[in-house]
Amino acid sequence: MSHRQITLQILRYNPQDAASKPCLQSYTLEKADGMTLFIALNEIREQQDPTLQFDFVCRAGICGSCAMMVNGRPRLACRTLISDLPKKIILAPLPFFELIGDLSVNTGKWMRGMSKHLQTWLHSQEESPDLNRIEERMEPEEAEAVYEMDRCIECGCCVAACGTAQMRQDFVGAVGLGKIARFRLDPRDTRADGDFYELIGDDSGVFGCMSLLACHDVCPKSLPLKSQIAFLRRKMAQTSIRQE
């Protein structure tokens, strides 16, 4: 039984090469049963074009490295089945992030800057952290609420789909707002509510969100991003009313 032919049109561009110009390059290959976009790209690189640049690590949807634009939608290549896509597939790098080359972008640089800005680590008022307290038992319901957002793999899909991020380079995105929500719920973090809200209480944070919620729609881990953003807005409004 013969498999159908598929065509991948890939946006090629190497910003490190002065002679390189952005262009769409077409590759044709035969679809195999169970083939993912990641497998197709590896086949192209191994058999047709070894210069093609794209990223991957885990192949299991937990590292976020292979995120890219697939027919205009941010997706993970390793979790995207060719059978779910049309015969013609257009691939491009995630927007917003620094381009390394072709489909490869530097999400890590932006994620590190965002994490430093939002101080996304457990804060304690003690000079020497009490490790026993950090590891102390939580009720299952509390632990589930705290660690729900820890499933984020920082793939950048939510930022790439965000309308605000396309207009504001300093916007922390749903990934940043989700991290604030996570640490605010953690009973081991000694920061007050106001400390969290000071970090996100402007247009680069929760008030920059236009509530289009594309971030929620494209998250490959199906995180409750819209409810987390609504949660932060509601808590900030309640805090403001109490202060008045």
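(A) Highlighting the overall build of the protein chain. Each helix and strand in the protein chain was counted, giving 10 helices and seven strands. Seen through its principal axes, the protein chain has C-alpha atoms that stretch 65 × 35 × 35 Å. Every one of the 244 residues in the protein chain was classed for burial, and the buried ones make up 43%. Partitioning the intrachain contacts of the protein chain with sequence separation of at least 6 by distance along the chain shows that 62% fall at a separation of at least 24. If the 29 positive side-chain charges of the protein chain are averaged to one point and the 32 negative ones to another, these points end up 6 Å apart.

(B) Here's a closer look at the side chain of Gln228. Tracing the backbone through its elements, the reader meets Gln228 in helix α10 (residues 225-243). Leaving out residues up to four positions away in the same chain, Gln228 has contacts with Met149 and Ala181.

(C) Representation of the packing of aromatic side chains within the structure. Per the counting criterion, the structure on display carries five aromatic pairs. The interplanar angle of 85° and the centroid separation of 5.4 Å between the aromatic rings of Phe96 and Phe97 together place this pair among those described as edge-to-face. The same class applies to Phe96 as to Phe97, namely buried. Both rings, one in Phe97 and one in Trp110, keep their centres 5.8 Å apart while their planes meet at 80°; by these two values the pair is edge-to-face. Of this pair, Phe97 sits in the loop between β5 (88-92) and β6 (98-101) while Trp110 sits in helix α2 (residues 107-118), and the two are 13 residues apart along the sequence. When its relative accessible area of 8% is taken as the criterion, Phe97 is described as buried. Judged by relative accessible area, Trp110 falls into the buried class, the value being 14%. One aromatic cluster is present, formed by Phe38, Phe54 and Phe56 through successive ring pairs. Across from the ring centre of Phe54, 4.0 Å away, lies the NZ or CZ of Arg45, which sits over that ring. The ring of Phe183 has Arg182 sitting right over it, with the charged end atom 4.4 Å from the ring centre.

(D) Geometry of helix α7 (residues 173-185). Here α7 is 13 residues long and its end C-alpha atoms lie 19 Å apart, about the 18 Å a rise of 1.5 Å per residue gives. Among the 13 residues in α7, 12 count as buried, and that is most of the element. Here α7 has its buried residues at Gly173, Ala174, Val175, Gly176, Leu177, Gly178, Lys179, Ile180, Ala181, Arg182, Phe183 and Arg184.

(E) Examining the environment of Leu85 more closely. Checked against the element boundaries, Leu85 lands in the loop between β4 (73-76) and β5. Apart from residues lying up to four places away in sequence, Leu85 is in contact with Arg4, Val70, Arg75 and Thr80.

(F) Quick look at the packing of α7 against helix α8 (residues 193-200). Packing of α7 against α8 brings their axes to within 11 Å, and their N-to-C directions diverge by 175°. With respect to each other, α7 and α8 are oriented roughly antiparallel. The residues of α8 that touch α7, namely those facing Leu177, Ile180, Phe183 and Arg184, are Asp193, Phe196, Tyr197, Leu199 and Ile200. Residues that form the contact of α7 with α8 fall into these classes: seven nonpolar, no polar and two charged.

Quick notes on the rules
Residues numbered from 1 in each chain as written. Predicted model: local features only at pLDDT ≥ 70, side-chain atom pairs only at ≥ 80, totals over all residues. Heavy atoms only, no water. Helix = DSSP H or I, 4+ residues; strand = E, 2+ residues; numbered from the N terminus. Buried < 20%, exposed > 50% of the residue type's maximum accessible area, 1.4 Å probe, protein only. Contact = heavy atoms within 4.5 Å. Lys, Arg positive; Asp, Glu negative; His and termini not counted. Charge placed at Lys NZ, Arg CZ, Asp CG, Glu CD. Phe/Tyr/Trp six-rings, centres within 6.5 Å; stacked < 30°, edge-to-face > 60°. Lys NZ or Arg CZ within 6 Å of the ring centre and 35° of its normal. Expected span 1.5 Å × (residues − 1). Axes fitted to C-alpha atoms, helices over the stretch in contact; angles between N-to-C directions. Parallel < 35°, antiparallel > 145°, perpendicular 65-115°, else oblique. Nonpolar A, V, L, I, M, F, W, Y, C, P; charged D, E, K, R; others polar.

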